[in-house]
Amino acid sequence: MLSTEEIKGIEEAIGVVPYKKAACIEALKVVQQHRKWISDESLKEVAGYMEMSAEELDSVATFYNLIFRQPVGRHVILVCDSISCWVMGQEKLKEKLNERLQIDYGQTTKDGRFTLLPNPCLGTCDCAPAIMVGNDLYRNIKMDGLDEILNKYE
Ligand code: FES
């Protein structure tokens, strides 16, 4: 069942679009903020509230890569894998993350601390390579500065 806070957030999102369905991604984001990911049950609850079928909402949810349909760690690391970051050493950065966290894309560390995901351009191509950890954007990453970034997150 959607919580009062979730309903409040969803209603706010609906309030700024011309019709209810147009807020479906925002509605999923609101619920994800509270539950960390969108389970099948959460998806059905949101679909019911948005007057959509679960299948219709799932097709949106699975298209949008920042809606997590599987459990994720406490912090999701998005590694930009687009051209500027690739040219500026993204592959080495990813290798270092793989080695440091002992996970590959789509996986979560055993302690549930991090999930690692690839992401198309993070919108800061002039400061490549870039990653995001949760809502924090890191640019111009140097290999020897990676541990310092990771150590900020419990
Ligand atoms: S290519 Fe990495 S931020 Fe744009």
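Use the structure listed above.
Now for a description of the structure that goes with this document. Quick caveat, the model's predicted, so the values are computed rather than measured.

Overview of the sheet that holds strand 3 (residues 131-133)
Then step 1. Here we have four strands laid out as an open sheet, ordered 2-1-3-4, and mixed in their pairing. Looking along the sheet, the strands with just one partner apiece sit at the ends: strand 2 (114-119) and strand 4 (136-138). Taking the axes of each pair of neighbouring strands and ignoring which way they run, one obtains an average angle of 20° across the sheet.
Then step 2. On the sheet, helix 6 (residues 90-101) packs against strand 1 (75-80), strand 2 and strand 3 and is oriented at approximately 155° with respect to strand 1.

What to know about the environment of D136
Then step 1. Looking at where D136 falls in the secondary structure, it is placed in strand 4.
Then step 2. Setting aside anything within four residues of it in sequence, one finds D136 in contact with I131 and Y153.
Then step 3. Reaching out from D136, the side chain makes a polar contact with the side chain of Y153 at a distance of 2.5 Å.

With respect to the packing of helix 2 (residues 24-35) against helix 3 (residues 40-49)
Then step 1. Contact geometry of helix 2 with helix 3 gives a least axis separation of 10 Å together with a crossing angle of 140°. Between helix 2 and helix 3, the angle falls in the class oblique. With respect to the hand of their crossing, helix 2 and helix 3 are arranged in right-handed fashion. Of the residues in helix 3, those in contact with A27, L28, V31 and R35 of helix 2 are S42, L43, E45 and V46.
Then step 2. When the residues that make up the contact of helix 2 with helix 3 are grouped by side-chain class, the tally is five nonpolar, one polar and two charged.

What about the nonpolar core?
Then step 1. One finds I10, L28, L43, V46, M50 and L57 to be the most contacted residues of the largest nonpolar core, which totals 20 residues.
Then step 2. Contributing elements (two or more residues each) for this core: helix 1 (4-14), helix 2, helix 3 and helix 4 (54-63).
Then step 3. If you tally residues by element for this core, the top one is helix 2, at five residues.
Then step 4. In this structure M50 touches I10, I14, K20, K21, A23, C24 and A27, once residues within four positions along its chain are discounted.
Then step 5. Counting 16 residues, the second largest nonpolar core, distinct from the first, contains F114, V133, I141 and L150.

Analysis parameters
Residues numbered from 1 in each chain as written. Predicted model: local features only at pLDDT ≥ 70, side-chain atom pairs only at ≥ 80, totals over all residues. Heavy atoms only, no water. Pairing = 2+ DSSP bridges. Helix = DSSP H or I, 4+ residues; strand = E, 2+ residues; numbered from the N terminus. Axes fitted to C-alpha atoms, helices over the stretch in contact; angles between N-to-C directions. Contact = heavy atoms within 4.5 Å. Polar contact = N/O pair within 3.5 Å; in protein donor to acceptor, adjacent residues only side chain to side chain. Parallel < 35°, antiparallel > 145°, perpendicular 65-115°, else oblique. Left-handed = near helix turned anticlockwise from the far one by under 90°. Nonpolar A, V, L, I, M, F, W, Y, C, P; charged D, E, K, R; others polar. Core = buried A, V, L, I, M, F, W, Y, C linked by side-chain atoms within 4.5 Å. Buried < 20%, exposed > 50% of the residue type's maximum accessible area, 1.4 Å probe, protein only.

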